[in-house]
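Observations on the three-dimensional arrangement
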Amino acid sequence: MRFPPNTFRLLLVALVAGCVLAPGAGAAEGRADVGASLAVAAPGSGAKACTKRTSRTSRALASRGRSAPARRARRAEAKQRRRCLNRLRRAKRKRATASSLPTQVSGGLLTAIDGGHGGWSDSEIEHREELGAAVTRHEWDPYEPVDEQEDVVETAAGEIGTRLHALLGGNDLGDAGHYREFVVDFIRRYGQGGSFWDEHPELDEARFAITTVELGNEPYFGEMSPEDYAATVRPTLEEIQRLGLPVTVVLPSRVYGSDTDWIDTLYRQIPNLNEYFDAFADHPYWYGHNPAEVAAAGPFGRIETLRKRMNELGANTKAIYLTEYGESTAACGEECTDEAGQAQHLKQMLDAITTRPDWGVKMFSVFQLIDRGTNTSDRELGFGLLRQNGTEKPAYPIVQSALEQYRG
C-alpha cells in the first residue's frame with residue numbers, strides 16, 4: 001500500500017498528540033487522568049493500555065518496512081510507551097509504599113534532586129521523568145554563554161516536568177562585573193517574563209520559569225575567601241534589587257561546629273546584606289556518619305547553629321536551603337556506608353527536617369540521582385539513588401515518596 005504525500009507527518013503528529021500532553025494549562029490534569037485510569041485498571045491492563053495507545057501508528061506504517069521514517073516512528077513509539085509505563089510504575093509505587101513521613105510541614109517544604117552540570121542522556125531523562133521531582137538543582141558555568149544549556153531547560157519543562165533551581169557558578173565565580181552581567185542576563189532569559197518563554201509558547205512558563213538562583217556552590221573550600229566572595233556577589237545583589245528581578249536569591253553558607261566565620265564576614269563586608277538575599281544554602285554532609293548522632297559537627301548540630309546565627313543577625317525570617325545532602329555507597333571506608341545505611345540516613349534527615357519547623361528549612365535537595373561510575377572505591381561516584389545500571393537502591397523509594405509529598 002502506498003501512502004499519499006505528507007501521510008507520515010500527519011500520522012506522527014497524531015501519535016504525539018494522542019500520547020504526549022503538551023505542558024501547560026490542562027497538561028497536569030491530563031496526565032493525572034491518564035494515571036488515574038491506569039491505576040484503577042485490572043492487573044496488567046495498564047501495560048496493555050500503554051502498548052495499545054502507542055502501536056497504532058507503527059501498524060499503519062508497517063508496510064514502509066525499514067525506511068527512515070518508519071524507523072523514526074518506531075523509535076518514537078518505543079519512547080512514548082516507556083514513558084507511559086514509567087507513569088504507571090510511579091502510580092503503583094505510590095500506592096504500594098506508604099511513607100511514614102509526616103504529611104504536613106510548616107512553611108511548605110520542597111524536596112528536590114541534584115541535576116549536575118551539562119546535558120542529560122536519553123536514559124537519564126527517562127530516569128528523571130520516572131522519579132517525578134518537582135524541582136531539579138542544575139549548575140551553569142558563568143563563563144559559558146547564557147544559552148549554553150538551553151536544551152536542559154527545554155527538556156526539563158517539555159519532557160520531564162521539573163522546574164530548575166539554578167546554581168550559577170561553582171566554587172570560583174571569577175570577575176565581579178562579568179558575574180553580575182551573566183546572572184542578570186540569565187534571569188532575563190529564563191526567569192518569569194524571560195525571553196526564552198516568549199520563544200517557547202508551547203512550554204508552561206507559570207510552572208517552569210526559573211524562580212530561584214543560588215550564587216555559587218562551595219566557594220569557601222579554598223577557591224574564594226569570604227571577603228573575595230562578598231566583593232564578587234555584591235554588585236550582582238545590588239543589580240538584582242535595582243532592577244526588581246523576580247527571583248529568590250540563595251547564598252552559600254558554611255557552618256562547622258561553632259564556626260560561623262563565613263557568614264559573619266559576609267555581614268561585615270555587606271552590612272545591609274539582609275536587604276539583598278532570601279535564603280542561605282548549606283551542605284551538611286557528614287560522610288558515612290549517622291546524621292542523628294549528637295555532635296556539633298553533625299548535620300543536625302550544624303543546621304541548628306546556622307539557624308541560631310541567622311536569627312542573631314536579623315535573618316530570622318529567611319529560609320535555609322539544604323541544596324546538597326547525600327551518602328555514598330562506594331567502598332571507600334569510614335566516609336561511605338552501605339545501601340541500607342544510605343537509606344536509613346536519608347530517612348533520618350527527612351524525618352528531622354519535617355518535624356523541626358523551627359529550623360526553617362524550605363528546600364532539601366538530594367545528591368544525587370544516579371551513580372556516576374562503577375569504581376567502588378571512589379566516594380564521589382557512589383551517591384546515587386540508582387546504581388549506574390539504573391536499578392534502584394533502597395533509598396530510592398524513600399526519596400521518591402518525599403518528592404511526591406513535599407512539593408513546596
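Quantities reported herein were computed from a predicted structural model and do not represent experimental measurements. (Residues numbered from 1 in each chain as written. Predicted model: local features only at pLDDT ≥ 70, side-chain atom pairs only at ≥ 80, totals over all residues. Heavy atoms only, no water.)

1. Digging into the overall build of the protein
When helices and strands are counted, the protein shows 14 helices and 8 strands. The proportion of buried residues among the 408 residues of the protein is 51%. A fraction of 72% describes how many contacts in the protein between residues 6 or more apart in sequence connect residues 24 or more apart. When the accessible surface of the protein is summed, it comes to about 18,200 Å², and 49% of that surface belongs to carbon and sulfur atoms. (Helix = DSSP H or I, 4+ residues; strand = E, 2+ residues; numbered from the N terminus. Buried < 20%, exposed > 50% of the residue type's maximum accessible area, 1.4 Å probe, protein only. Contact = heavy atoms within 4.5 Å. Areas by Shrake-Rupley, 256 points an atom, 1.4 Å probe, with all protein chains shown as cover.)

2. So, a negative patch on the surface
Together, Asp147, Glu148, Asp151, Glu154 and Glu202 make up a region of like negative charge exposed at the surface. Note on placement: Glu148 falls in the loop between strand 2 (135-140) and helix 6 (150-160). Glu148 gets classed as partly exposed once you look at its relative accessible area, which sits at 44%. (Patch = residues over 30% accessible without salt bridge, like charges linked within 9 Å, V, L, I, M, F, W, Y side chains within 5 Å. Salt bridge = Lys/Arg side-chain N within 4 Å of Asp/Glu carboxyl O. Lys, Arg positive; Asp, Glu negative; His and termini not counted. Charge placed at Lys NZ, Arg CZ, Asp CG, Glu CD.)

3. Overview of the pattern of salt bridges
The tally for this structure, following the rule as stated, stands at 20 salt bridges. Several salt bridges converge on common partners, so that one network encompasses Asp114, Arg137, Glu214 and Glu324.

4. Quick word on the packing of aromatic side chains
A full pass over the atoms with the stated rule returns 18 aromatic pairs. Cation over ring: Arg128 sits above Trp120, and NZ or CZ is 4.9 Å from the ring centre. (Phe/Tyr/Trp six-rings, centres within 6.5 Å; stacked < 30°, edge-to-face > 60°. Lys NZ or Arg CZ within 6 Å of the ring centre and 35° of its normal.)

5. A few points about the packing of helix 13 (residues 339-355) against helix 14 (residues 395-405)
Between two packed helices, what matters for the description is the angle formed by their axes and the separation of those axes. The N-to-C vectors of helix 13 and helix 14 enclose an angle of 20 degrees; their axes lie 8 Å apart at closest approach. Overall, the two elements helix 13 and helix 14 adopt an arrangement that is roughly parallel. Of the two possible hands of crossing, helix 13 and helix 14 adopt the one that is left-handed. Along the contact surface, helix 13 presents Gln342, Ala343, Leu346, Lys347 and Leu350, while helix 14 presents Ala395, Ile398, Val399 and Ala402. Here the residues of the contact of helix 13 with helix 14 sort into 7 nonpolar, 1 polar and 1 charged. (Axes fitted to C-alpha atoms, helices over the stretch in contact; angles between N-to-C directions. Parallel < 35°, antiparallel > 145°, perpendicular 65-115°, else oblique. Left-handed = near helix turned anticlockwise from the far one by under 90°. Nonpolar A, V, L, I, M, F, W, Y, C, P; charged D, E, K, R; others polar.)

6. Quick word on the confidence of the model for the protein
Per-residue confidence for the protein gives a mean pLDDT of 84, with 74% of residues at or over 70. Low pLDDT (under 50) marks residues 1-45, which in the prediction has 47 contacts with non-local residues, meaning those over four places away or in another chain. Counted against residues more than four places away or in other chains, residues 56-64, with its pLDDT under 50, gives 14 contacts. (pLDDT = per-residue confidence, 0-100.)

7. Digging into helix 7 (residues 176-190)
Across its 15 residues, helix 7 extends 21 Å between first and last C-alpha, which sits within 8% of the 21 Å expected from 1.5 Å per residue. In this structure, the buried residues of helix 7 make contact with strand 2, helix 6, strand 3 (163-168), helix 8 (195-199), strand 4 (212-214) and helix 10 (226-243). Between a side-chain oxygen at the N-terminus of helix 7 and the backbone nitrogen of Gly177 the separation is 3.0 Å; the capping residue is Asp175. (Expected span 1.5 Å × (residues − 1). Polar contact = N/O pair within 3.5 Å; in protein donor to acceptor, adjacent residues only side chain to side chain.)

8. What to know about the state of the cysteines
This structure, assessed with the given rule, holds 1 disulfide. A sulfur-sulfur separation of 1.8 Å characterises the disulfide bridge that pairs Cys332 with Cys336. Taking the torsion about the S-S bond as the criterion, the Cys332 to Cys336 disulfide, at about 105 degrees, is right-handed. When its relative accessible area of 26% is taken as the criterion, Cys332 is described as partly exposed. Relative accessible area serves as the criterion here: at 8%, Cys336 is assigned to the buried category. (Disulfide = S-S within 2.5 Å.)

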